[in-house]
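The lines below spell out each chain.
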Amino acid sequence: MKNIKNIFLIAVTFLVATSCNKQIEEKQKDPNDPTNVPSSLILGTVLTDISGTGTAGRLSATGSSEGVNSWDGAHRWNQYHCSNYDYYDNNIYSWTNGNFDPYLVLKNVIQMENEATAIGTSKLNPYEAVGRFVRAYYFYNLTSMFGDVPLTDALQGVTNKTPTYTPQAQVFAYVLNQLDTANSDFAALIAANDVSLSPSQDIFYAGNLSAWQKLVNTFKLRVLISVSKHASDLNAPAQFSTIMSNPSTYPIFTGQKDDLKFVYNPGGANIYSTYPFNPSNFGSIAARFNMADTYMKTMVSLNDARVFITTEPAWALVKTDTANAAQYKYFAGASTGESLATMYNNANAGLYSFINRYRYYSNFTGEPNSLVGFKEMCFNIAEGIIRGWYTGNAETWYKLGITESMTFYGIDITKTSFTTYFLPPGNSSVTEVQPFPFTFDFSAYYAQPTVQLSTDQATAINQIVLQKYIASFQNSGYEPYYNWRRTGVPAFEGGTGVGNNGIVPVRWAYPVKEQSQNAANWNAALKAQGFTQDDLNQVMWVIK
């Protein structure tokens, strides 16, 4: 009996001790450090990173313009504008040590999907479908930058710290497959009237699954065009034709309202997302960025009035003809390859055009940063038709892309008289801009042999890519660079200012830490691609 009492006392003591320990553990938990996060909140983080305003997105070259600031690295390297002040930046293609920070975003995608299913949600859900697009978006940019990248063995955490590299052709195949599956998933969710995607955390489409489905197929058209040199390897013509021939199954953008774009909104939920150039920093940075010759000579040679909206004249060329400043002969840019000392002096002497102060410094909202847009889609479709991937009217799509871009800049092609605004020399405030009239006849513009779509395939493709370059000014991430690398259009300018011995690079070098942390697989990837070394001049599969 005494033994039974002892056993009972021991049991009670154990239960009390266990209970106390549990209470202590509960009290030790930090309510501000949750062990799990709702998938909706992770969605917000992931999409913010895609926009370029999140931590991972801003630190990485992910295709989001080095952050949402379009007047930064990506668009210097797209040769739209130049930095002339070395203290803050330069025009060197500083890609000798790339980074794999996009994998941080992709880890969040996995967690977002896991959290969605952990609460009993079906494996097919909006977070999973959006996740597929995000995977496609990031892997498209990763492989476009580096070549072969970790994919099959990637994102396995501590179970595999040294992933192998997947061949670039297989990465592109994976991207296309993810997009195709995402389209099917969105279709099924829409049919089921699923409204569970958080509108407040979806900063792009406010939970509209139909908009996401259009994005998926529009982006797929971009990816298909990007592999034009290996179209047969990835069955690109058939996939392109399938999308274009079945709009109910594969809906695409129908206007600029559908764009995947980040809208600056300092007065709303994104309180810190002010336009990077705005009245508050006009005095400190307005003179640091002059226009690049690659963009300016394209616009001037085509007599393209969009240059009057995006830039200002080089006032040293205008001299005393101020009243007639809106003339093409007064617009000029610096070669991206020019030495910074020369560029700085010439810019201060008024020999180069600057960005249009009225358009880009007047307020804190600026213009949206489009990551995947309708204008670009029009040109991609036109190119696909010219290549024979689909039977359609290439000129219709080509012309639509041009007119949509004109509309974006406020140029009504049914009119011929317009007004733009420049900041004449001697004025120090953006409020002192003055009106300047100009005329523009779209019919005459399009009738130019350099603009009207040629019947020769090679010439037509060059025209399409050139107009896409113009329309991608300050948007679309690295697409203008990718297209130059694929087609040579427009002719990018090298020289001292670009670094890399004066040669415009064709890839990013892998992260230096791969040489120490994943050396065997890094070396194997270089050898598999036929690279003699890990530098910026090695030619990857997609552009061979």
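Residues numbered from 1 in each chain as written. Predicted model: local features only at pLDDT ≥ 70, side-chain atom pairs only at ≥ 80, totals over all residues. Heavy atoms only, no water.

Caption draft 1: View of the side chain of Asn290. You can see Asn290 is positioned in strand 5 (residues 289–291). Classification of Asn290 as buried rests on a relative accessible area of 0%. When sequence neighbours within four positions are dropped, the list of residues in contact with Asn290 reads His81, Cys82, Asn84, Ala334, Met343, Ala347, Tyr352, Ser353 and Phe354. (Helix = DSSP H or I, 4+ residues; strand = E, 2+ residues; numbered from the N terminus. Buried < 20%, exposed > 50% of the residue type's maximum accessible area, 1.4 Å probe, protein only. Contact = heavy atoms within 4.5 Å.)

Caption draft 2: Structural view of the packing of aromatic side chains. Across all of its chains, the model carries 58 aromatic pairs by this definition. With 3.7 Å between their ring centres and 10° between their planes, Trp95 and Trp508 make a pair best called stacked. Within this pair, whereas Trp95 is found in the loop between strand 1 (81–83) and helix 5 (102–118), its partner Trp508 is found in the loop between helix 20 (479–487) and helix 21 (514–517), the two being separated by 413 residues in sequence. Across this residue pair, the class does not change: Trp95 and Trp508 are buried. Considering the side-chain rings of Tyr165 and Tyr510, the 5.2 Å spacing of their centres and the 80° angle between planes classify their relative orientation as edge-to-face. A residue pair is termed long-range when its members are at least 10 positions apart, and Tyr165 in strand 3 (residues 165–166) and Tyr510 in the loop between helix 20 and helix 21 qualify at 345 residues. (Phe/Tyr/Trp six-rings, centres within 6.5 Å; stacked < 30°, edge-to-face > 60°.)

Caption draft 3: Structural detail: the confidence of the model for the protein chain. Per-residue pLDDT for the protein chain averages 91, and the proportion of residues at 70 or more is 89%. When the criterion is pLDDT under 50, residues 1–19 qualifies, and its contacts beyond four places in sequence or with other chains add up to zero contacts. Every residue in residues 57–65 scores below 50 in pLDDT, and together they form 37 contacts with partners more than four places removed in sequence or on other chains. (pLDDT = per-residue confidence, 0-100.)

Caption draft 4: Seen up close, the pattern of salt bridges. Counted by the stated rule, this structure contains 15 salt bridges. The closest approach of N and O atoms between Glu113 and Arg135, which form a salt bridge, is 2.6 Å. With Glu113 in helix 5 and Arg135 in helix 6 (residues 126–146), the pair connects residues that are 22 residues apart, well separated along the chain. Considered together, Glu113 and Arg135 belong to a single accessibility category, that of buried residues. The partner of Lys257 in a salt bridge is Asp258, and the shortest N-O contact between them spans 3.7 Å. It is possible to trace a salt-bridge network through shared partners that takes in Glu128, Arg132 and Asp185. (Salt bridge = Lys/Arg side-chain N within 4 Å of Asp/Glu carboxyl O.)

Caption draft 5: Region of interest: helix 2 (residues 39–51). Taking 1.5 Å of rise per residue, 13 residues should cover 18 Å, and helix 2 covers 18 Å from first to last C-alpha, within 8% of that figure. Residues of helix 2 that are buried include every one of Ser39, Ser40, Ile42, Leu43, Gly44, Val46, Leu47, Asp49, Ile50 and Ser51, and no others. Note on helix 2: the residue one or two positions beyond its end, Gly52, has a positive phi of about 95°. (Expected span 1.5 Å × (residues − 1).)

Caption draft 6: Fine view of the nonpolar core. Grouped together as the largest cluster of nonpolar side chains are 152 residues, with contacts concentrated most on Phe133, Trp212 and Phe440. Counting residues per element, this core draws most heavily on helix 6, which supplies 13 residues. Leave out the neighbours within four places in its chain, and Phe133 touches Leu179, Trp212, Leu215, Val216, Phe219 and Leu260. By size, the runner-up hydrophobic cluster in this structure holds seven residues, among which are Cys82, Ala292, Ala334 and Tyr352. (Core = buried A, V, L, I, M, F, W, Y, C linked by side-chain atoms within 4.5 Å.)

Caption draft 7: Looking closely at the side chain of His230. Take His230: it is sitting in the loop between helix 8 (209–226) and helix 9 (236–245). Overall, His230 belongs to the buried group, its relative accessible area being 12%. Apart from the residues lying within four places of it in its own chain, the contact partners of His230 are Trp541, Val542 and Lys544.

Caption draft 8: Here's a closer look at helix 11 (residues 293–301). For helix 11, the complete set of buried residues consists of Thr294, Tyr295, Met296, Thr298 and Met299. Where helix 11 terminates, the next one or two residues include Asn303, which has phi positive at roughly 55°.

Caption draft 9: The arrangement of the packing of helix 5 against helix 6 in detail. At a minimum axis distance of 10 Å, the contact between helix 5 and helix 6 shows a crossing angle of 165°. Taken together, helix 5 and helix 6 sit at an angle that is classed as roughly antiparallel. Crossing of helix 5 over helix 6 shows left-handed handedness. On the side of helix 5, the interface is formed by Pro102, Tyr103, Val105, Leu106, Val109, Ile110, Met112, Glu113 and Ala116, while helix 6 contributes Tyr127, Glu128, Gly131, Arg132, Val134, Arg135, Tyr138, Phe139 and Leu142. Classifying every residue of the contact of helix 5 with helix 6 gives 13 nonpolar, one polar and four charged. (Axes fitted to C-alpha atoms, helices over the stretch in contact; angles between N-to-C directions. Parallel < 35°, antiparallel > 145°, perpendicular 65-115°, else oblique. Left-handed = near helix turned anticlockwise from the far one by under 90°. Nonpolar A, V, L, I, M, F, W, Y, C, P; charged D, E, K, R; others polar.)

Caption draft 10: Local environment of unusual backbone geometry. The step from Val489 to Pro490 runs through a cis peptide bond, and the omega angle for that step is -15°. Note on placement: Pro490 falls in the loop between helix 20 and helix 21. Even without being glycine, Gln474 reaches a positive phi, approximately 65°. Its identity as a non-glycine residue notwithstanding, Ser476 has a phi of 70°, on the positive side. Relative to the elements of secondary structure, Ser476 occurs in the loop between helix 19 (457–471) and helix 20. Ser476 sits in the buried class, given a relative accessible area of 3%.

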